[in-house]
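Structural features, examined
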Amino acid sequence: MEKGRIGARQLVVLIFLCAIGDMFQLYPSIVAAIARQDAWISALLGIIGGVAVTAVLLAASRVAPDLSLIEKCMSVFGYGPGVILSIWYLFYYLIVCSYLVREMGDFMTTQIFMSTPLPIVHLLIILLMLWAMKAGLESIGRSSEIVLPFFVVAAGILIVCLLPKLEFHHLKPIGEHGIMPILQASATGVLFPFGELCAFLMVLPYVNRQPHMVKEVLAMSFAVGLIFTIITTVSLCVLGSDLTAYSTYSMYILAQKINIGNFFQRIEALMAISYLITTFFKATVFFYAFIIGMAQLLRLKQKNVLILPSGFLIFGLAVLIAPDVTYYLKTLVTPWMFWDLTNGVVLPLILCAVFIAKRKWRNVFTPEKKNEGG
């Protein structure tokens, strides 16, 4: 099905870009809308939660490590329940990919290309995704290594240039609304970026595993949580909790505020490119997971026949999934969080539990059957 292979370093880079993904722009707004000025505490607690969710997914990947998630479901749960669970995950991959394309389209048409029709932007994004799928997983992994330095440099420039504008009085009073909003915001901030990493359970069978891979992935999740904490704190200190909560693209607005000596300014284009890079790679990984999973479920010999039809399907769903960006930020956040919780934590834990139970069952009863046969 997939002849290409990626190394452990390319996997870590891909997971990093996908974990950042669209949350590079949306994370401060989502967390601040719940915890207000305590959003930085929620982001700090989210570091621990992010590492824990990543550890759960890594544990699930050790269940029949040579099989993808769809194949694991068929093997562990049996044909009937496995098919149902596979369809559930495939629908999830499809919807997530569609809303990521819609997010990129909304951002481009509301902030940069305001006169360009939304379907045209979607078409250009999907054509690029089709090209990436045609090139294969190995090319996607190598491309991620190329664009990673650009994102790191752009994010570093943004944070350093905003340091003189920090006003820490925006973080007070601490704990004004109690502990529950902080914990709720932390859970939301963990499940959106880290719960959606379950798509990599479709990629891990095609990774050249190395002994240090697990440590690097966990370190990456810690780094992602730290980045979210930094950008949330900077956004709160510069914009305040109210403006951060109601700003859809807070990082883009922060970039517009940079003006050093009336010379170094208007660097929001760097933020736009960084956001599009991370979100595009996340959408491509989900697109890849959907196509590979669908081919395995239908028992096709190759996946290429599904690439173009899947592109048309996402093109239609990207327009239908929500009326605008405000709708899925203000209406879909809570139910989507529970969807990510189910797919990124609950079901992988059930998969591990059933696999361990079946293995122990076999170990208990196999010797008796051998003795009876003798």
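Residues numbered from 1 in each chain as written. Predicted model: local features only at pLDDT ≥ 70, side-chain atom pairs only at ≥ 80, totals over all residues. Heavy atoms only, no water.

UniProt lists a comment for the protein under the heading Sequence similarities (unreviewed entry), and it reads "Belongs to the amino acid-polyamine-organocation (APC) superfamily. Spore germination protein (SGP) (TC 2.A.3.9) family." Listed in UniProt under the heading Subcellular location (unreviewed entry), the comment for the protein reads: "Membrane". (UniProt positions renumbered as here; feature names shortened; annotations may be inferred.)

Observations concerning the overall build of the protein
Each helix and strand in the protein was counted, giving 15 helices and 4 strands. Here the protein has a C-alpha radius of gyration of 22 Å; the compact-globule value for 374 residues is 21 Å, and the two agree. Projected onto its principal axes, the C-alpha coordinates of the protein cover approximately 85 × 45 × 35 Å. Every one of the 374 residues in the protein was classed for burial, and the buried ones make up 54%. In the form shown here, the protein has an accessible surface area of approximately 16600 Å², with 68% of it arising from carbon and sulfur atoms. (Helix = DSSP H or I, 4+ residues; strand = E, 2+ residues; numbered from the N terminus. Rg over C-alpha atoms; globule rule 2.2 N^0.38 Å. Buried < 20%, exposed > 50% of the residue type's maximum accessible area, 1.4 Å probe, protein only. Areas by Shrake-Rupley, 256 points an atom, 1.4 Å probe, with all protein chains shown as cover.)

Topic: the side chain of Lys282
Inspection of the secondary structure puts Lys282 in helix H12 (residues 268-297). At 3.1 Å, the side chain of Lys282 forms a polar contact with the side chain of Asp22. Not counting chain neighbours up to four residues away, the residues in contact with Lys282 comprise Cys18, Gly21, Asp22, Tyr99, Leu100, Phe192 and Glu196. (Polar contact = N/O pair within 3.5 Å; in protein donor to acceptor, adjacent residues only side chain to side chain. Contact = heavy atoms within 4.5 Å.)

Topic: the packing of helix H4 (residues 69-77) against helix H5 (residues 79-112)
Where H4 meets H5, the closest approach of the two axes is 7 Å, and the angle between their N-to-C directions is 155°. On the basis of the axis angle, H4 is roughly antiparallel to H5. Considering the relative orientation of H4 and H5, their crossing is right-handed. Between H4 and H5, the contacting residues are Leu69, Ile70, Cys73, Met74 and Phe77 on the first element and Tyr79, Pro81, Gly82, Val83, Leu85, Ser86, Tyr89, Leu90 and Tyr93 on the second. Classifying every residue of the contact of H4 with H5 by side-chain character gives 12 nonpolar, 2 polar and no charged. (Axes fitted to C-alpha atoms, helices over the stretch in contact; angles between N-to-C directions. Parallel < 35°, antiparallel > 145°, perpendicular 65-115°, else oblique. Left-handed = near helix turned anticlockwise from the far one by under 90°. Nonpolar A, V, L, I, M, F, W, Y, C, P; charged D, E, K, R; others polar.)

Structural notes on the packing of aromatic side chains
This structure, assessed with the given rule, holds 17 aromatic pairs. Arranged with centres 4.4 Å apart and planes meeting at 5°, the rings of Tyr27 and Phe228 form a pair that is stacked. Of the two residues, Tyr27 sits in helix H2 (residues 23-35) while Phe228 sits in helix H9 (residues 213-239), which places them 201 residues apart along the sequence. Phe228 carries the same exposure label as Tyr27, and that label is buried. (Phe/Tyr/Trp six-rings, centres within 6.5 Å; stacked < 30°, edge-to-face > 60°.)

Overview of the environment of Ala272
Tracing the backbone through its elements, the reader meets Ala272 in helix H12. Along the chain, Ala272 and Tyr249 lie 23 residues apart, while their C-alpha atoms are 9.7 Å from each other. Apart from the residues within four sequence positions on either side, Ala272 is in contact with Phe107, Ile112 and Tyr252.

Here's the deal with the state of the cysteines
This model, assessed by the stated rule, comprises 0 disulfides. Not engaged in a disulfide, the cysteine Cys237 finds its nearest cysteine sulfur in Cys161; these two sulfurs lie 16 Å apart. Cys73 supplies the cysteine sulfur nearest to Cys352, a cysteine that is in no disulfide, at a spacing of 11 Å. (Disulfide = S-S within 2.5 Å.)

A closer look at H12
Look at H12: 43 Å from first C-alpha to last across 30 residues, which is about the 44 Å you get at 1.5 Å a residue. Across the 30 residues of H12, 25 count as buried, placing the element largely inside the fold. (Expected span 1.5 Å × (residues − 1).)

So, the layout of surface pockets
The calculated volume of the largest pocket comes to roughly 410 Å³. Along the wall of the largest pocket there are 18 residues; nearest its centre are Ile125, Leu128, Trp131, Phe280 and Phe281. At the level of secondary structure, the elements contributing two or more residues to the lining of the largest pocket comprise H5, helix H6 (118-135), helix H7 (137-162) and H12. Broken down by element, the lining of the largest pocket gets its largest block of residues, 7 residues, from H6. Looking at the lining of the largest pocket, its residues break down into 16 nonpolar, 2 polar and no charged. Taken as a whole, the second largest pocket encloses approximately 160 Å³ of empty space. Taken together, Ser29, Ile30, Ala33, Ile34, Gln184, Leu329, Lys330, Thr331, Val333 and Thr334 make up the full set of residues lining the second largest pocket. (1 Å grid on protein atoms, 1.4 Å probe; cavity = no way out; pocket = protein on both sides within 12 Å on 5 of 7 lines; lining within 4 Å. Points joined across faces, edges and corners; volume = space filled by probe spheres on them.)

With respect to the nonpolar core
Judged by nonpolar contacts, the single largest core of 132 residues is most densely connected at Tyr93, Phe200 and Trp336. At 17 residues, H12 tops the list of elements feeding residues into this core. Residues within four places of Tyr93 in sequence aside, it is in contact with Leu69, Cys198, Ala199, Met202, Phe286, Ala289 and Phe290. (Core = buried A, V, L, I, M, F, W, Y, C linked by side-chain atoms within 4.5 Å.)

Concerning unusual backbone geometry
Excluding glycine, residues mostly have negative phi values, and the peptide bonds linking residues are mostly trans. The amide bond that connects Lys172 to the next residue, Pro173, takes the cis arrangement and shows omega of -5°. Of note, Pro173 is situated in the loop between H7 and helix H8 (179-195). Unusually for a residue other than glycine, Arg36 sits at a positive phi of about 55°. Looking at the element boundaries, Arg36 is found in the loop between H2 and helix H3 (39-61). Backbone geometry places Ala64, a non-glycine residue, at a positive phi of 50°. Note that Ala64 resides in the loop between H3 and H4. Classification of Ala64 by relative accessible area gives partly exposed; the value is 25%.

Considerations on the pattern of salt bridges
A complete count under the given rule lists 6 salt bridges for this structure. Across the pair Arg102 and Asp106 runs a salt bridge, and its minimum N-O distance is 3.0 Å. On the criterion of helical spacing, the pair formed by Arg102 and Asp106 is a turn pair, its members being 4 residues apart in helix H5. With a shortest N-O distance of 2.8 Å, Glu138 and Arg142 are connected by a salt bridge. Note that Glu138 and Arg142 are positioned in helix H7 at a spacing of 4 residues, about one turn of the helix. Of the residues examined, Glu138 reaches a relative accessible area of 30% and is grouped as partly exposed. The class of Arg142 is partly exposed, set by a relative accessible area of 49%. Members of the salt-bridge network, linked through shared partners, are Asp22, Glu196 and Lys282. (Salt bridge = Lys/Arg side-chain N within 4 Å of Asp/Glu carboxyl O.)

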